[in-house]
Amino acid sequence: MTAKRILSGMQPTNQLHLGNYLGALKNWVALQDQDYECLFCVVDLHAITMPYDRDKLAQATREIAAAYIAAGIDPAKCPIFPQSAVPAHSELMWLFATMTQMGKLERMTQFKDKAGKNKERAGLGLFSYPVLMAADILLYKATHVPVGEDQKQHLELTREIAATFNARYQAGFFPQTEPMILGEATRVMSLRDGTSKMSKSAESDMSRINLTDDADTIVRKIRKAKTDPAPLGETIESLQGRPEALNLVTIYAALAGVSRAEVLAQFGGQPFSVFKPALADLAVETLSPMTGRMTDLLSDPAEIDRILASGADKARALAEPVLRDVREIMGFWRG
Ligand code: AQP
């Protein structure tokens, strides 16, 4: 195994948005050129933990793969594969389920958010989502996982499960995976409410910028983004208590690859009527080429299927020996 291995993934639920791009995908692209072996999966088994459309799942999986490639992931270097194409994920999840306390899962904020008020009726799949995520990561003995801030709690559970396995069965077998929460935009907020996360499943499409939005739509969404009447302040501290303003500044910084302080040095004291058009231009400039590449890639689904199948072959070749070792360490019969 190489010294440093990265595994991360996104769910094929709805369209990817600017939060997924700035919080995760953009960082993946940079990391593939550093000293890491990278694997990127499309986590379709996670996607079915909430109601979904079975007729759209396979195509949504291709679309996520196309988004990865359009953003700059090189599939020749980093295998891209559907999680469900590597059955070892599910088997390892079951083994980990025997080492995970329900109390810990009950504390997961994503479960609480998604299950809502009626948690008695939530599915076991949704409840055990973080155990599957631990299996996704540890199946490849990934040392690092680049994610947005919302996934930090799940990563902590992954580390606990690894520690339990190591303590119960074999010291040092699984690594203590490090979360990598990188860049200025670790938590991109909704354009309609600066206190809630930009999310694929939020009802209002105006709350997010989708990676498939055309230039006019991006401009309109930014123009209509909620703000307050005051001009931008000169310092980050001056944006305290102004979550929408802070969010737009953060988005600008992450898109431009500069710090928030640099954005404020340029736009501090300016009204939103000046800042928003500049932000819209930058967003269009960054996202439009990616959207164009996605459309091109999706016009040849057979090629995406080939990439996914080849990625799955490579992933299986890495995963199966790990699972074999786990079975042996746990004492299962071996014919
Ligand atoms: N708003 C966000 N800001 C920064 N990073 C984000 N991520 C998601 N939302 C933001 C990161 O994107 C990666 C993939 O996420 P996912 O596909 O597993 O779905 P999610 O986290 O459940 O994303 P959504 O948009 O919030 O989907 P729904 O609404 O379906 O729950 C992860 O690395 C995540 O941190």
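All chains use their own residue numbering, which begins from 1 and follows the written sequence. Per-residue local features of the predicted model are confined to residues with pLDDT of at least 70, and side-chain atom pairs are confined, for both listing and counting, to 80 or more; whole-chain, interface and lining totals are unaffected and use all residues. Where side-chain values are given, they derive from all heavy atoms of the structure, hydrogens and water being excluded.

A.B. asks: Quick one: what's the story with the environment of Ile48, residue by residue and with numbers?
C.D. replies: Helix and strand definitions follow DSSP, with helices as H or I runs of at least four residues and strands as E runs of at least two, each counted in order from the N terminus. Tracing the chain through its elements places Ile48 in the loop between α2 (44-47) and α3 (57-71). Under the scheme applied here, a residue whose accessible area is under 20% of the maximum for its type counts as buried, over 50% as exposed, and between as partly exposed, the area being computed with a 1.4 Å probe on protein chains only. Looking at Ile48, the relative accessible area reads 41%, which means it is partly exposed. Along the sequence, Ile48 and Leu126 sit 78 residues apart, while their C-alpha atoms lie 8.7 Å from each other.

A.B. asks: Could you give an account of the layout of surface pockets, with specific residues and numbers?
C.D. replies: For the second largest pocket, the calculated volume is near 190 Å³. Definitions used for this entry: grid spacing 1 Å over protein atoms alone; cavity, a set of points where a 1.4 Å probe fits but cannot get out; pocket, an open set with protein on both sides within 12 Å along at least 5 of 7 lines; lining residue, one with an atom within 4 Å of a point. Along the walls of the second largest pocket sit Met93, Trp94, Ala97, Thr100, Gln101, Met102, Leu105, Leu124, Gly125, Phe127, Ser128 and Val131, which together make up its complete lining. Gly is placed with the polar residues, together with every amino acid not listed as nonpolar (Ala, Val, Leu, Ile, Met, Phe, Trp, Tyr, Cys and Pro) or charged (Asp, Glu, Lys and Arg). Residues that form the lining of the second largest pocket fall into these classes: eight nonpolar, four polar and no charged. Grid points are joined across faces, edges and corners, and a volume is the space filled by probe spheres set on the points.

A.B. asks: Give me the lowdown on empty space enclosed by the protein, citing residues and values where you can.
C.D. replies: What the rule picks out here adds up to three cavities of 30 Å³ or more. What the largest cavity holds in volume is close to 40 Å³. Every residue lining the largest cavity is listed: Asn14, Gln15, Leu16, Ala60, Glu63, Ile64, Ala67 and Met294. For the lining of the largest cavity, the element with the highest residue contribution is α3, accounting for four residues. Among the residues forming the lining of the largest cavity, the class breakdown is five nonpolar, two polar and one charged.

A.B. asks: How would you explain the packing of aromatic side chains if you had to name every residue and give the values?
C.D. replies: Here is the rule: rings of Phe, Tyr and Trp (six-membered ring for Trp) pair when centre to centre is within 6.5 Å. Planes less than 30 degrees apart are stacked, more than 60 are edge-to-face, and the remainder are tilted. As enumerated under the stated definition, the model contains 13 aromatic pairs in all. Plain terms: the ring middles of Trp28 and Tyr68 are 5.0 Å apart, the flat faces sit at 75° to each other, and that makes the pair edge-to-face. In this pair, Trp28 sits in helix α1 (residues 18-31) while Tyr68 sits in helix α3, placing the two residues 40 residues apart along the sequence. Of the two residues, Trp28 and Tyr68, neither departs from the other in class, the shared state being buried. Through pairs of rings, three or more aromatic residues link up here, namely Phe96, Phe165, Tyr169, Phe173 and Phe174. For a lysine, the NZ atom is tested; for an arginine, the CZ atom; a charge sits over a ring if that atom is within 6 Å of the ring centre and within 35 degrees of the ring normal. The ring of Tyr36 has Lys4 lying over it, and the distance from NZ or CZ to the ring centre is 4.4 Å. Over the aromatic face of Phe173 sits the side chain of Lys141, whose NZ or CZ is 3.8 Å from the ring centroid.

A.B. asks: An account of the packing of α3 against helix α14 (residues 301-330) is needed here, citing residue identities and associated values.
C.D. replies: It is at 10 Å that the axes of α3 and α14 come closest, and there the two elements cross at 80°. Considered as vectors, α3 and α14 are oriented roughly perpendicular to each other. Residues Thr61, Arg62, Ala65, Ala66 and Ile69 of α3 form the contact with α14, whose participating residues are Pro301, Ile304, Asp305, Ile307 and Leu308. The class makeup of the residues in the contact of α3 with α14 is seven nonpolar, one polar and two charged. In this analysis, axes come from line fits to C-alpha atoms, helices being fitted only over the stretch in contact, and the angle between any two N-to-C directions falls in the range 0 to 180 degrees. Note that the term roughly parallel is reserved for angles under 35 degrees, roughly antiparallel for angles over 145, roughly perpendicular for angles of 65 to 115, and oblique for everything else. It only takes one pair of heavy atoms within 4.5 Å for two residues to be counted as in contact.

A.B. asks: Explain the site of the ligand residue by residue, including any values.
C.D. replies: We call a residue near a molecule or strand when any one of its heavy atoms sits within 4 Å of it. Near the ligand there are 23 residues, and of these His17, Lys114, Asp150, Ser199 and Ser201 occur at the shortest range. Any N or O atom pair separated by 3.5 Å or less is treated as a polar contact, with the protein-specific requirement of one donor-capable and one acceptor-capable atom, and with residues adjacent in sequence counted only for side-chain atom pairs. Between Met198 and the ligand, the recorded distance is 2.9 Å, taken from a backbone N or O atom to a nitrogen atom. Residue Ser199 places a side-chain N or O atom 2.6 Å away from an oxygen atom belonging to the ligand. To measure how exposed things are, a 1.4 Å probe is used in the Shrake-Rupley method; for residues, cover is taken only from the protein chains shown. Taken by itself the ligand offers 640 Å² of open surface, and the protein chains cover 96% of this. It is α1 that contributes the most residues to the shell around the ligand, four residues altogether.

A.B. asks: Could you give me a rundown of the domain arrangement of the chain, with the residues and numbers involved?
C.D. replies: Domain boundaries in the chain define domain 1 (5-180 + 301-330) and domain 2 (205-296). Contacts between the two partners involve 13 residues from domain 1, matched on the other side by 13 residues from domain 2. The buried area of a pairing is the accessible area, by a 1.4 Å probe, that goes missing from both parts when the two are put together, added over both. Carbon and sulfur atoms make up 75% of the area that domain 1 and domain 2 hide from each other, which totals about 1,100 Å². Mapped by element, the contributors of at least two residues to the side of domain 1 that touches domain 2 are α1 and α3. Of the residues belonging to the side of domain 1 that touches domain 2, the class tally is nine nonpolar, two polar and two charged. An automatic or database domain assignment provides the domain bounds reported here.

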